[in-house]
Amino acid sequence: MSDLHHLSIAKLVDGLQNQHFSSVELTDHFLKRINTLDKKVNSFITIDEEGARQAAQQADDRRSAGDNSVLLGLPMAHKDLFCTKGLLTTSGSKILHSFGSPYDATIVSNIREAGAVCLGKLNMDEFAMGSDNESSYYGAVHNPWDLSRVPGGSSGGSAAAVAAGFVPFATGSDTGGSIRQPASFCGLTGIKPTYGRVSRFGMIAYASSLDQAGTFGRSAQDCAYLLQPMAGHDARDATSIKRDVPDYVADLQSAAAQADADKPFAGLRIGVAKEYFGKGLDAEVDANVRAALKQYEELGATIVEVNITDPEITLATYYMLAPAEASSNLSRFDGVRFGYRCEDPKDLADLYTRSRSEGFGVEVQRRILMGTYALSAGYFDAYYTKAQKVRRLILQDFKNAFEKCDVIASPTAPTAAYKLDAALDPVTMYLGDVYTIGVNLAGLPAISMPAGFTESGLPIGLQLIGNHWDDSKLLSTAHIFQQHTDHHTKLSATAQESI
Amino acid sequence: MTAITESNTTHQPIRKELLIDGYEVVIGIEIHCQLNTDSKIFSSSPTKFGNEPNTQANIVDLGLPGVLPVLNEGLIERALKFGIGVNAELGLLNTFDRKNYFYPDLPKGYQITQMENPIVGKGYIDVIVNEGQKNEYAKRIGITRGHLEEDAGKSVHDAVPGMTGVDLNRAGTPLIEIVSEPDMRSASEAVAYIKAIHQLVTWLDISDAIMAEGSFRCDCNVSVRQPGEEFGTRTELKNLNSFRNIENAIKREIERQIDIIEDGGKVVQATMLYDPEADETRIMRTKEDADDYRYFPDPDLLPVRIEQETVDAIRASMPELPVVRRERFSTELGLSEYDARILTDSRELADYFESVLATVGTEHAKLAANWIMGDLLGALNKDDKTITDSPISEVQLAGLLKRLNDNTLSGKLAKQVFTALYDGEGGNEADAADKIIEAKGLKQETDTGAIKAIVEEVIANNQAMVDEYKGGKEKAFNGLVGQVMKASRGKANPQQVNQILKEILG
């Protein structure tokens, strides 16, 4: 029972359904690992032992009563920007240090109803703004592959927890790469679904038109299991779309079953854009991603050249629009109704100014200021309006590319995980998002999966971008690859630690 | 209606009689009108007025982290009705924008409104200024736009000493903000416009429009200029909560501005408060510290496209508008301007009137109008009630009028029956009047023989009066009629009594 955390979701489901172990045992196993090892990783902000044990017991009771739901009794954890009733929900910020949410996010209640057991809330960059998880008020997260390195961000806690074997899978959110880049840094698979696929109700907003919830797992199939209860229309989110939800696990299994044994990717056209292999790309990352693409070709895929928008233009567009939306989204954190309030405010202006200056960290304040500037009278047309126009062109470029290919492949991030104390200046850090943000601006689905390792053993991610609503196709394309390769089966140092 | 489609802003002839000390007054008005959906514009909380603070604010209204707005579809129909009612271009592509500013009663730190693509575009409304007075005249007022938006909560300054409380019951209440062209040239024109809009929104049943409860709030932008010159600097009178206050506030503000200019000063752009006690306007804040609201499209709400079929269906279901109905009442039913105006004061009253006519026939329109405007509205007013509270239903009133028309009742008897009906006698059915007539024996006596017998008896008993009459004293005749009526206990048909008396006395 000591290596339960090495098992895939399919094996865990099988073990629970065939009563090789109970949810209480499974939950205990993961809680013990968290309690022993998370001191080094710092992936959790809140550990809900009591709630988790209760939920596990209930799952076992349901099991005894004949309930055989797929996710019943499976431990998981949520990124700390999903509101959870009765639990602290901080979004990584001091300003929400005391915010116990009175309600559940739609995905939180959906996952609970599916029977999964929530072990707690995961660390993240403050308000999901950051790419290395160092902007969290609750401390930096350490990469389980090398504790001196960052796990990526903003869903750094989610990625680190799964990579460390603290939970078999976890939720995350992705506004500009916040699932894919930490998945890449932590050797995981992570999917950012099509915008509108997963409800945003109860997910604390960073940039509403870009935010989308998704999942982390050790494989595409693991991700598919958790995505299932999250996907679907929600009447409480006007941007969620009414559209049938496929059975992701069944889809990828039947795709694998139907695929040719030697050339499973026969007929698949993978678009490669030179814009994704330009300056700034680390040589080892370049080599490993190209090797992975070679494997795809060997397995029958055809590589076609496509063009997408210059990533530097995409980056500039993102850093106009995301902060603009954020500056407004974060106005509700004003010290009046909930969260942090400064001591002895002199007057209303003082209450606002100090509560926000003391409650928000540097990166958040920087983005609020950038966004406020972009929306200001006299600048709005030059910045915000223009960026919206460019956004439409970025989408058009992707649409044109998808005329020629089924998926687009790229490195997920220009580098592998860097050192915690790298103290990147903001612009260098923003450049780390260069391959992932276009997807959010276009509302497309994308997945990151392990594609190899650096000399020093750090994971490298391959990103696959799909056309709108091709979430299932992306999962299958990654799943079949993972059936023929073993990058995703490697374990981080922390995951290999027994207790 | 005449087909004038353009607002008359630019080419309005100057009415000399409206000039004040030679100055022309220019007024534009913004009305915040609460639309009467049961729930709020972006949440499922109720919109009732006067509940305990913060009892009708849910997580969405509180602006908690993670919550999202979802548009209440019922508002689209209401706003479109308004747009059709003011002959406006309708916005078929609706988008919502955020107006960003910090205030404790604004939970999200922004208000969701329609800046770029409002649901109601340019339109107009025809109003009557100084209605019912000698100097009455008609005028067309341009409407710039009408847009949907959410209301803010309320800051409560007197609940906790030294502290400001926040009540979010009103936060998210649905409003349509109706913006007029600067077309009004006097306080009377402003009041006529506001009354017309008020009548329209209640007529269309899209708003309760109760000024005292804040569900119909008027902000008036007032400036003065020498005729022919550019617009002067305007001030905005806020939170005016009665027609009387609106009129007085505008008048005082005009005087204040003219005084400043006459003294060689300049009017400063400002938001003004009107103090009804002192009957004066005061500066609340100047616009120098104007905020930059950083409007931008709300990414939480997708554009709402309205299909032409939806508009057509709403247009087909629109009630006849007050202006049209009033016109029809005078031309088709032959009512006086005055009667037509009173009877179209509210849609319910006009419906009541026409419902009575449906039973008694349009040829008795004048009779029905008289009874409704006189007896019924008089009684209702006395009880502080409106037509919708009338204890006499349309068919019951019609039943009474029928008995007048078929001579069962005299005018005097009919008043007695009316009083009984109003007091709830005669039951709830259509034949209540008949039951009262039956029960009280109020049927008019029209049998010539029976009346003759009474007349003869009265003549026999009042020889002195008869002599006086025969001696040339006409007044004595009325005395005799009175005696006959008294002897018949009011039931004898007065015309017949007259006739028979004359026959007998020669």
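Everything quoted here is computed from the prediction, not taken from an experiment. Residue numbers here run from 1 along each chain, matching the order of that chain's written sequence. Following the order in which they are written, the chains are lettered starting with A and the ligands numbered starting with 1. The predicted nature of this model means local features are confined to residues of pLDDT at least 70 and side-chain atom pairs, given and counted, to a pLDDT of 80 or more, with totals for whole chains, interfaces and linings taken over all residues.

Undergrad: How should the overall build of chain B be read in this particular structure?
TA: Broken down by element type, chain B carries 15 helices and 15 strands. For 506 residues, the compact-globule estimate of 2.2 N^0.38 gives 23 Å, and chain B exceeds it by more than 25% at 30 Å. With respect to the principal axes defined by its C-alpha atoms, chain B has extents near 95 × 55 × 55 Å. Think of it as a crowd count around each C-beta: if 20 or more other C-beta atoms lie within 10 Å the residue is buried, if 12 or fewer it is exposed, and in between it is partly exposed, with C-beta placed from the backbone throughout. Sorting the 506 residues of chain B into buried and exposed places 42% on the buried side. With C-beta atoms placed from the backbone, a contact is any residue pair whose C-beta atoms sit within 7 Å. Pairs at least 24 apart in sequence give 68% of the contacts found in chain B among residues at least 6 apart. Under the DSSP-based scheme used, a helix requires at least four consecutive residues in state H or I and a strand at least two consecutive residues in state E, with every element numbered from the N terminus. Radius of gyration: C-alpha atoms only; globule rule: 2.2 Å multiplied by the number of residues to the exponent 0.38.

Undergrad: In this structure, what is going on with the overall build of chain A? I would like to understand it.
TA: Helices and strands together make up the secondary structure of chain A, namely 17 helices and eleven strands. In terms of overall size, chain A behaves like a compact globule, its C-alpha atoms giving a radius of gyration of 21 Å where 499 residues would be expected to give roughly 23 Å. In terms of overall dimensions, chain A has a C-alpha envelope of 70 × 55 × 45 Å along the principal axes. Per-residue burial over chain A gives 61% buried out of 499 residues. The long-range share in chain A, meaning contacts at least 24 apart out of those at least 6 apart in sequence, stands at 77%.

Undergrad: Looking at this structure, how should I read the interface of chain A and chain B?
TA: Often, the extent of an interface is quoted as the loss of accessible area upon association of its parts. On the chain B side, the residues contacting the 34 residues of chain A number 24 residues. Looking at the side of chain A that touches chain B, the elements that each hand over two or more residues are α10 (311-329), α11 (348-359) and α12 (362-375) of chain A. A total of three residues in the side of chain A that touches chain B trace back to one element, the largest contributor, which is α10 of chain A.

Undergrad: What's the story with the sheet that holds strand β10 (residues 216-225) of chain B in this structure? I'm lost.
TA: Across a sheet, paired strands are connected by hydrogen bonds in the backbone, their directions being either parallel or antiparallel. All names here are of chain B. Taken in spatial order, the eight strands line up as β5-β6-β9-β1-β10-β11-β12-β13 in an open sheet, and their pairing is mixed. At either end of the open sheet lies a strand with only one pairing partner, and these are β5 (123-129) and β13 (280-286). Sheet twist, expressed as the mean angle between neighbouring strand axes with direction ignored, is 30 degrees. As judged from the four bridges shared by β10 and strand β11 (residues 235-240), these two strands associate in the antiparallel manner. Residue V222 lies in a different strand from β11, and its bridge partner there is T235. Packing of helix α3 (residues 243-262) onto the sheet brings it into contact with β1 (24-34), β10, β11, β12 (270-275) and β13, and relative to β10 it is tilted by some 25 degrees. In short, DSSP must find at least two bridges between two strands for them to pair. To define axes, lines are fitted to C-alpha atoms, for helices over the stretch in contact only, and angles between the resulting N-to-C directions are given on a 0 to 180 degree scale.

Undergrad: Before we go on, may I ask you to explain helix α8 (residues 248-258) of chain A in this structure?
TA: Since the α-helix advances by 3.6 residues per turn, residues separated by three or four positions end up pointing in the same direction. Residue and element names in this part refer to chain A. Residues of α8 that are buried include every one of Y248, V249 and L252, and no others. The buried residues of α8 occupy one face: seen down the axis, they fall within an arc of 105 degrees. Opposite the packed face of α8, turned more than 90 degrees from it, sit the exposed residues A250, S254, A257 and Q258. Against α7 (220-230) and α16 (471-484) lie the buried residues of α8. Directions drawn from the helix axis to the C-beta atoms are what define this arc.

Undergrad: Just to check I follow, could you spell out the nonpolar core for this structure?
TA: One recurring pattern in soluble globular proteins: nonpolar side chains tend to sit buried together. Of all hydrophobic cores here, the largest spans 221 residues; its most connected members are M76 of chain A together with A190 of chain B. For this core, the element with the highest residue contribution is helix α2 (residues 187-203) of chain B, accounting for eleven residues. Residues contacting M76 of chain A, with those up to four places away along its chain left out, are I111, A116, V117, C118, V167, P168, F169, A170 and L226 of chain A. Each nonpolar core comprises buried Ala, Val, Leu, Ile, Met, Phe, Trp, Tyr and Cys residues, the members being joined through C-beta atoms within 7 Å. One finds L349, L376, I437 and L442 of chain B within the second-largest nonpolar core, a separate group that totals 39 residues.

Undergrad: Got a minute to help me understand the sheet that holds strand β3 (residues 97-100) of chain B in this structure?
TA: All names here are of chain B. An order of β4-β3-β14 is seen for the three strands of this open sheet, with the pairing classed as antiparallel. Of all strands in the sheet, those with a lone pairing partner are β4 (110-113) and β14 (296-297), marking the two edges. Strand direction decides the pairing type here: β3 and β14, joined by two bridges, are antiparallel. Across the sheet, residue D97 finds its bridge partner in β14, namely P297.

Undergrad: Explain the packing of helix α2 (residues 23-41) of chain A against helix α3 (residues 49-64) of chain A to me, please; I cannot follow it from the model alone.
TA: The relative placement of two packed helices is expressed as an angle between their axes plus a distance between the axes. Residue and element names in this part refer to chain A. Remark: α2 packs on α3, axes separated minimally by 8 Å, with the N-to-C direction vectors making an angle of 155 degrees. In this view, α2 runs roughly antiparallel relative to α3, as classed from their interaxial angle. Here α2 and α3 pass one another in a crossing that is right-handed. Facing S23, V24, T27 and L31 of α2, the residues of α3 in contact are E49, A52, R53, A56, Q57, A59 and D60. Taken together, the residues of the contact of α2 with α3 sort by class into five nonpolar, three polar and three charged. Working rule for angles: under 35 degrees goes down as roughly parallel, over 145 as roughly antiparallel, 65 to 115 as roughly perpendicular, anything else as oblique. Crossing handedness: left-handed means the near helix sits turned counterclockwise from the far one by under a right angle, and right-handed means the same turn made clockwise. Lys, Arg, Asp and Glu make up the charged group, whereas Ala, Val, Leu, Ile, Met, Phe, Trp, Tyr, Cys and Pro make up the nonpolar group; the residues left over, Gly among them, are polar.

Undergrad: Can you help me understand the domain arrangement of chain B in this one?
TA: Domain borders in the structure are assigned automatically or taken from a domain database. Looking at the assigned domains, one finds that chain B contains domain 1 (16-294), domain 2 (315-440) and domain 3 (448-505). Between the C-alpha centres of domain 1 of chain B and domain 3 of chain B the distance comes to 66 Å.

Undergrad: Which parts of the structure should I look at to understand the environment of K16 of chain B?
TA: Residue and element names in this part refer to chain B. With respect to the secondary-structure elements, K16 resides in the segment before β1. Overall, K16 belongs to the exposed group, with 9 C-beta atoms counted inside 10 Å. Separated by 211 residues in the primary sequence, K16 and P227 have C-alpha atoms spaced 9.5 Å apart.

Undergrad: How should I be thinking about the packing of helix α7 (residues 347-360) of chain B against helix α8 (residues 365-382) of chain B in this particular structure?
TA: All names here are of chain B. In contact at an axis separation of 10 Å, α7 and α8 are set at 135 degrees when each is read in the N-to-C sense. Regarding the angle of α7 to α8, the classification is oblique. Pair α7 / α8 crosses with right-handed handedness. Where α7 approaches α8, its residues Y352, F353, V356, L357 and V360 are matched on the opposing element by A365, A368, A369 and I372. For the contact of α7 with α8, the class distribution of residues is nine nonpolar, no polar and no charged.

Undergrad: Looking at this model, I keep getting lost on unusual backbone geometry. Mind explaining?
TA: With glycine set apart, most residues show a phi of negative sign, and most peptide bonds adopt trans. With omega at 5 degrees, the peptide bond leading from G153 of chain A into S154 of chain A counts as cis. If you check the backbone angles, R489 of chain B has positive phi at about 55 degrees while not being a glycine. Look at R489 of chain B and you get exposed, because 10 C-beta atoms sit within 10 Å.

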